[in-house]
Amino acid sequence: MLETLKPQPADKILALMQAFREDPRADKIDLGVGVYKDAEGRTPVMRAVKAAEKKLWEEEQTKSYTGLAGDPAYGEAMRGLILGDAVAADRVSAAATPGGTGAIRQGLELIRLAAPGAKVWLSAPTWPNHPSIVRYLGMEMAEYRYFDEASRGVDFLGMIGDLQAIAEGDVVLLHGCCHNPTGANLTLEQWGQVADLLAAKKAIPFIDIAYQGFGDGLDADAAGTRLIAARLPEVLIAASCSKNFGIYRERTGILMAIAPEAGMKPVTQGTLAFLNRQNYSFPPDHGARLVTMILNDPGLRADWMAELEEVRTGMLALRKQLADELRQRSNSDRFDFIAHHRGMFSRIGASPEQVEAMRRDNGIYMVGDSRMNIAGLNAKTVPILAQAIVDAGV
Ligand code: LMR
C-alpha cells in the first residue's frame, strides 16, 4: 500500500520556516511564518497565560474527558469575545477544535455534509492552506478578486464583480480581519455591501478570524464579523487563539455555526459534536481552558488585553517606521501602504526573483509571494530591510 504514495507538495510557509532554521547566518531575519516575535526575537508566553497555567496546575482535579464539542464554557467565552451581542446566544452552536486550521477543516466538513454540492469561494490571494484543504476534501472551489496589486489595497470593485456569480447556497470564505497574506482589509462600509450581496444571493459566509486584536483592536477587528452575523441568517465562523493568546502549539480554535433560528440549535450543535467524534473525538482542552479562565477572570482578562494591545501597537510602530524608511530611501511614497495595512502581514509586491535575492544576499526570509511578517522585525532590522527592498529594485 505505502508504495503507492507520492511525495506531497511542501507547504510553502512551513518549508520557509525550516529553511530559515537551517541558515547559519547570525544576522538572518525571519519574516516568514505568522508567529509574533518581540524586539528580542522571542515568542513569549503571555503573562495572563502563565498566570492561568499556574492557577490551573494548582486547582485542576482531573484530566478526564470534557464534552465532544469541548467545555461549553469555552464556547460561551469565545462567542462573547468574537460576536459580542451581535446575535442571540441561542442561535449559536460552537465546538472546540485543534487550532484555527481544525476549525476550517471542521467547517468544511459541515458544509460537505449539509450541502454536498456547495461551491467554496476563496479570496485571491488567500492563506495557502485554504485551497489546499478544500481541494483535499474534493469540494468545488472558485476565486474572487481581492487584492489590487497596483494600489496594494482591496480590489473592492473586482471582489463585488466576481461575487455576482455566486449561486444560492455557495459558501464565501472571508478573512474576519488582518487579511492573510495581503494585510489589506475591508472597511466597515464595504463589509456592509458584502453582507447585502450575500444576503441577496442567499449565500453562506464562512469567516476565518485568526488575528483578532492584531489590527485595530479586539472589538474593531470583530466588527465585520459581527455585522455579517447580525444581518445574515446562517454564518459559519472559524477562530484561532494561536496568535492573540500566543498559544500556537496548544492548538486552540473554535468553529461556530449561527443558525437562522434557535430551534435549530440542538441538531446543529449535535452535528458539530458528531463531526469532532469522527475526526478526533475530543478536542484538545488545555489551551481552551486557559482561554476560558482568562476571559472569565476580570484581572487576567485586563492583563491579557493590555499585553495584546502592546503587541498590536508595537506592530503598528514597526509599520510606520518601515514606511518612513522606505519613503526616504526610495524617494517616493509608493510604500506608504505598509502603514495602512493591518495585522501581521503585508504583501509588498516584490517578484519571486527579488524575494529570492533578498534571501540570498541579505538573509531576509519572506514568503515567495512577498508576504512579510511585520512582527519578525525590530527597530534595528527595519532599516536593513528597507535598504534590501530598495537594493532589490522593488
Ligand atoms: C501563517 O500564515 O504563517 C500562519 O497562519 C501559520 C501557518 O500555519 O501557516
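Fair warning: this is a prediction, and the values are worked out from it, not measured in the lab.

Participant: Can you explain the environment of L316? Please cite residues and give values.
Facilitator: When you line up the elements, L316 lands in helix α11 (residues 298-330). For the pair L316 and D333, spaced 17 residues apart in sequence, the C-alpha separation works out to 18 Å.

Participant: Break down the pattern of salt bridges for me, with residues and values.
Facilitator: A pair can form between side chains of opposite charge whenever their charged atoms are brought close. Within the structure shown, the criterion is met by 28 salt bridges. For E149, the salt bridge goes to R347, with nearest N and O atoms at 3.1 Å. Placement of the pair is E149 in the loop between β5 (147-148) and β6 (153-154) and R347 in strand β11 (residues 345-347), with a sequence separation of 198 residues. Owing to a relative accessible area of 41%, E149 belongs among the partly exposed residues under this scheme. Residue R347 is classed as buried on the basis of its relative accessible area of 11%. One salt bridge in this structure joins R329 and E325, with 2.9 Å as the shortest N-O distance. Residue R329 and its partner E325 are both found in helix α11; the two are separated by four residues, about one turn of the helix. A single salt-bridge network, built from bridges that share partners, covers R47, D303, E307 and E310.

Participant: Can you break down the packing of α11 against helix α14 (residues 381-391) residue by residue, with the values?
Facilitator: Their axes nearest at 9 Å, the elements α11 and α14 cross at an angle of 45°. Judged by the angle between their axes, α11 and α14 are oblique. When you trace α11 past α14, the crossing you get is right-handed. Along its contact with α11, which presents L318, Q321, L322, E325, L326, R329 and S330, the element α14 presents V382, P383, L385, A386, Q387, I389 and V390. Broken down by class, the residue content of the contact of α11 with α14 amounts to nine nonpolar, three polar and two charged.

Participant: Tell me about the site of the ligand, residues and numbers included.
Facilitator: Surrounding the ligand, one finds I13, V33, G34, W127, N180, Y211, K243 and R371. For the ligand, an oxygen atom lies 3.1 Å from a polar atom in the side chain of K243. Measuring from an oxygen atom of the ligand, one finds a side-chain N or O atom of R371 at 2.9 Å. Protein chains bury 81% of the 260 Å² of accessible surface belonging to the ligand in isolation. Of the residues assigned to the shell around the ligand, the class counts are four nonpolar, two polar and two charged.

Participant: Requested: an account of the packing of aromatic side chains, with residues and values cited.
Facilitator: According to the stated counting rule, one finds six aromatic pairs in the structure shown. Look at Y211 and F345: their rings are 5.6 Å apart centre to centre, the planes differ by 80°, and that puts the pair in the edge-to-face class. Taken together, the residues Y211 in the loop between β8 (204-209) and α8 (218-231) and F345 in strand β11 connect sequence positions 134 residues apart. An aromatic cluster is built from Y211, F214 and F345, whose rings are joined through pairwise contacts. One Lys or Arg, K28, reaches over the ring of F20 and ends 4.5 Å from the middle of that ring. Taking the ring centre of F345 as reference, the NZ or CZ of R371 above it sits at 3.7 Å.

Participant: Mind laying out the domain arrangement of the protein chain, listing which residues take part and the relevant values?
Facilitator: Domain parsing of the protein chain yields domain 1 (10-46 + 301-391) and domain 2 (65-296). Computed over C-alpha atoms, the centres of domain 1 and domain 2 are 26 Å apart. Summing both sides of the interface, domain 1 and domain 2 together bury roughly 2,400 Å²; the carbon and sulfur share of this comes to 60%. At the boundary of domain 1 with domain 2, the tally comes to two salt bridges. The interface formed by domain 1 and domain 2 includes 14 residue pairs in polar contact (both at pLDDT 80 or more).

Participant: So what about unusual backbone geometry? Which residues, and what values?
Facilitator: Backbone torsion omega between A124 and P125 reads 0°, so that peptide bond is classified as cis. By secondary structure assignment, the location of P125 is in the loop between β3 (119-124) and α5 (129-136). The omega angle of the peptide bond from N180 to P181 is 20°, so this bond is cis rather than trans. For P181, the position within the fold is in the loop between β7 (171-175) and α7 (188-201). A positive phi angle, close to 60°, is found at R152, a residue other than glycine. Tracing the chain through its elements places R152 in the loop between β5 and β6. Judged by relative accessible area, R152 falls into the buried class, the value being 15%. Despite not being glycine, K202 shows a phi value in the positive range, around 55°. As for its placement among the helices and strands, K202 is situated in the loop between α7 and β8.

Participant: So what about the sheet that holds strand β2 (residues 92-97)? Which residues, and what values?
Facilitator: Taken together, seven strands build an open sheet; the order of strands is β2-β10-β9-β8-β7-β3-β4 and the sheet is mixed. In the strand order of this sheet, the two ends are held by β2 and β4 (140-145), each with one partner. Averaged over neighbouring strand pairs, the angle between their axes works out to 20° when direction is ignored. Contacts from α5 reach β3, β4, β7 and β8 within the one sheet, and its direction differs from that of β4 by about 155°.

Participant: Go over helix α10 (residues 286-296) with me, naming the residues and quoting the values.
Facilitator: The buried count for α10 comes to eight of 11 residues, which makes it a mostly enclosed element. Among all positions of α10, only G287, A288, L290, V291, T292, M293, I294 and L295 are buried. Buried residues belonging to α10 abut α2 (47-59), α3 (72-83) and α11.

Conventions we followed
Residues numbered from 1 in each chain as written. Predicted model: local features only at pLDDT ≥ 70, side-chain atom pairs only at ≥ 80, totals over all residues. Heavy atoms only, no water. Helix = DSSP H or I, 4+ residues; strand = E, 2+ residues; numbered from the N terminus. Salt bridge = Lys/Arg side-chain N within 4 Å of Asp/Glu carboxyl O. Buried < 20%, exposed > 50% of the residue type's maximum accessible area, 1.4 Å probe, protein only. Axes fitted to C-alpha atoms, helices over the stretch in contact; angles between N-to-C directions. Parallel < 35°, antiparallel > 145°, perpendicular 65-115°, else oblique. Left-handed = near helix turned anticlockwise from the far one by under 90°. Contact = heavy atoms within 4.5 Å. Nonpolar A, V, L, I, M, F, W, Y, C, P; charged D, E, K, R; others polar. Near = heavy atom within 4 Å. Polar contact = N/O pair within 3.5 Å; in protein donor to acceptor, adjacent residues only side chain to side chain. Areas by Shrake-Rupley, 256 points an atom, 1.4 Å probe, with all protein chains shown as cover. Phe/Tyr/Trp six-rings, centres within 6.5 Å; stacked < 30°, edge-to-face > 60°. Lys NZ or Arg CZ within 6 Å of the ring centre and 35° of its normal. Domains from an automatic or database assignment. Buried area = accessible area lost by both parts, 1.4 Å probe. Pairing = 2+ DSSP bridges.

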